[in-house]
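Residues per chain, in single letters:
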Amino acid sequence: MKQITPQFANQLLNGESQIRELVEMSDAQLAAWAGLGYRAWSQGRREEARKIFRAVIALDEKSYFGYAGIGATALDEDDLVAAIENLQKAVTLNPNDAVVNSNLGEALLRSGNVQDGAVYLRKAIELNPGGKDPGANRARAIVSALGAQLQQMSAN
């Protein structure tokens, strides 16, 4: 465990350092925690996943994994306000994650913000050009469904 000095305490308070530095947690260890959260989420254990993702954020408030996880969980539960808030933080911290962009686009779209939602869905597709990421492919499916709906509406 790291020694708590007045300088380190000030760095924590100013956001220059993170709690994980106090317990000397590596990036790999933090990512492993986030992986546990993802596993719980993918197995339908949403509350457990949320707790793990909150712990990740408590350890490092700059970890997009935590915000992405809480955002995905909120999206699943149709809590669009929480989904958008957390997914926007995740995208700010890592704008090149296709899945997070896709999730944010979907959350915005479902909340009625079609224009901004389309921006993030488009970005998700651009970040996943080969269509290899199943999570990001959801963006393609949503855009395709929207296109079909628009064509049907214009035909009527």
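Notes on the structure in this doc start here. Model, not experiment: these values are computed from the prediction.

1. A look at unusual backbone geometry
Next up, step 1: Backbone geometry places Asp78, a non-glycine residue, at a positive phi of 60 degrees.
Next up, step 2: Tracing the sequence through the fold places Asp78 in the loop between α5 (64-76) and α6 (80-93).

2. Here we look at the pattern of salt bridges
Next up, step 1: Taken as a whole and assessed by the stated rule, the structure comprises eight salt bridges.
Next up, step 2: One salt bridge in this structure joins Arg46 and Asp76, with 3.0 Å as the shortest N-O distance. Taken together, the positions of Arg46 in helix α4 (residues 46-59) and Asp76 in helix α5 put the pair 30 residues apart, joining distant regions of the chain.
Next up, step 3: The partly exposed category is assigned to Arg46, whose relative accessible area is 25%.
Next up, step 4: A relative accessible area of 41% means that Asp76 is categorised as partly exposed.
Next up, step 5: In this structure, Arg110 engages Glu106 in a salt bridge whose closest nitrogen and oxygen atoms are separated by 3.0 Å. On the criterion of helical spacing, the pair formed by Arg110 and Glu106 is a turn pair, its members being four residues apart in helix α7 (residues 98-110).
Next up, step 6: Here Arg110 falls in the partly exposed class, since its relative accessible area comes to 38%.
Next up, step 7: Since its relative accessible area comes to 5%, Glu106 is described here as buried.
Next up, step 8: Within this structure, Asp78, Glu106, Arg110 and Arg138 form a network of salt bridges that share partners.

3. Examining the packing of α7 against helix α8 (residues 114-127)
Next up, step 1: Two numbers describe how α7 lies on α8: the axes approach to 7 Å, and their chain directions differ by 160 degrees. Classed by the angle they form, the pair α7 and α8 counts as roughly antiparallel. Note that α7 runs across α8; the crossing there is left-handed. Residues Ala98, Asn101, Ser102, Leu104, Gly105, Glu106, Leu108 and Leu109 of α7 touch α8, and the partners they reach there are Val114, Asp116, Gly117, Tyr120, Leu121, Lys123, Ala124 and Leu127.
Next up, step 2: Classifying every residue of the contact of α7 with α8 gives nine nonpolar, four polar and three charged.

4. Section: the nonpolar core
Next up, step 1: In terms of nonpolar packing, the biggest core is built from 21 residues, with Ala83, Leu87, Ala90, Val100, Leu104 and Ala107 touching the most fellow members.
Next up, step 2: Secondary-structure elements contributing two or more residues to this core are α4, α5, α6 and α7.
Next up, step 3: At seven residues, α6 tops the list of elements feeding residues into this core.
Next up, step 4: Filtering out sequence-adjacent residues up to four positions away, Leu87 remains in contact with Tyr67, Ala68, Gly71, Ala72, Val100, Asn103, Leu104 and Ala107.
Next up, step 5: Counting five residues, the second largest nonpolar core, distinct from the first, contains Leu109, Leu121, Ala139 and Ile142.

5. Structural notes on the packing of helix α3 (residues 27-42) against α4
Next up, step 1: At their nearest, the axes of α3 and α4 sit 7 Å apart, and the two run at 160 degrees to each other. Between α3 and α4, the angle is such that the two are roughly antiparallel. Every pair of crossing elements has a handedness; the one defined by α3 and α4 is left-handed. Of the residues in α4, those in contact with Leu30, Trp33, Ala34, Leu36, Gly37, Tyr38, Ala40, Trp41 and Ser42 of α3 are Arg46, Glu48, Ala49, Ile52, Phe53, Ala55, Val56 and Leu59.
Next up, step 2: A class-by-class count of the residues in the contact of α3 with α4 yields 13 nonpolar, two polar and two charged.

Cut-offs applied
- Residues numbered from 1 in each chain as written.
- Predicted model: local features only at pLDDT ≥ 70, side-chain atom pairs only at ≥ 80, totals over all residues.
- Heavy atoms only, no water.
- Helix = DSSP H or I, 4+ residues; strand = E, 2+ residues; numbered from the N terminus.
- Salt bridge = Lys/Arg side-chain N within 4 Å of Asp/Glu carboxyl O.
- Buried < 20%, exposed > 50% of the residue type's maximum accessible area, 1.4 Å probe, protein only.
- Axes fitted to C-alpha atoms, helices over the stretch in contact; angles between N-to-C directions.
- Parallel < 35°, antiparallel > 145°, perpendicular 65-115°, else oblique.
- Left-handed = near helix turned anticlockwise from the far one by under 90°.
- Contact = heavy atoms within 4.5 Å.
- Nonpolar A, V, L, I, M, F, W, Y, C, P; charged D, E, K, R; others polar.
- Core = buried A, V, L, I, M, F, W, Y, C linked by side-chain atoms within 4.5 Å.

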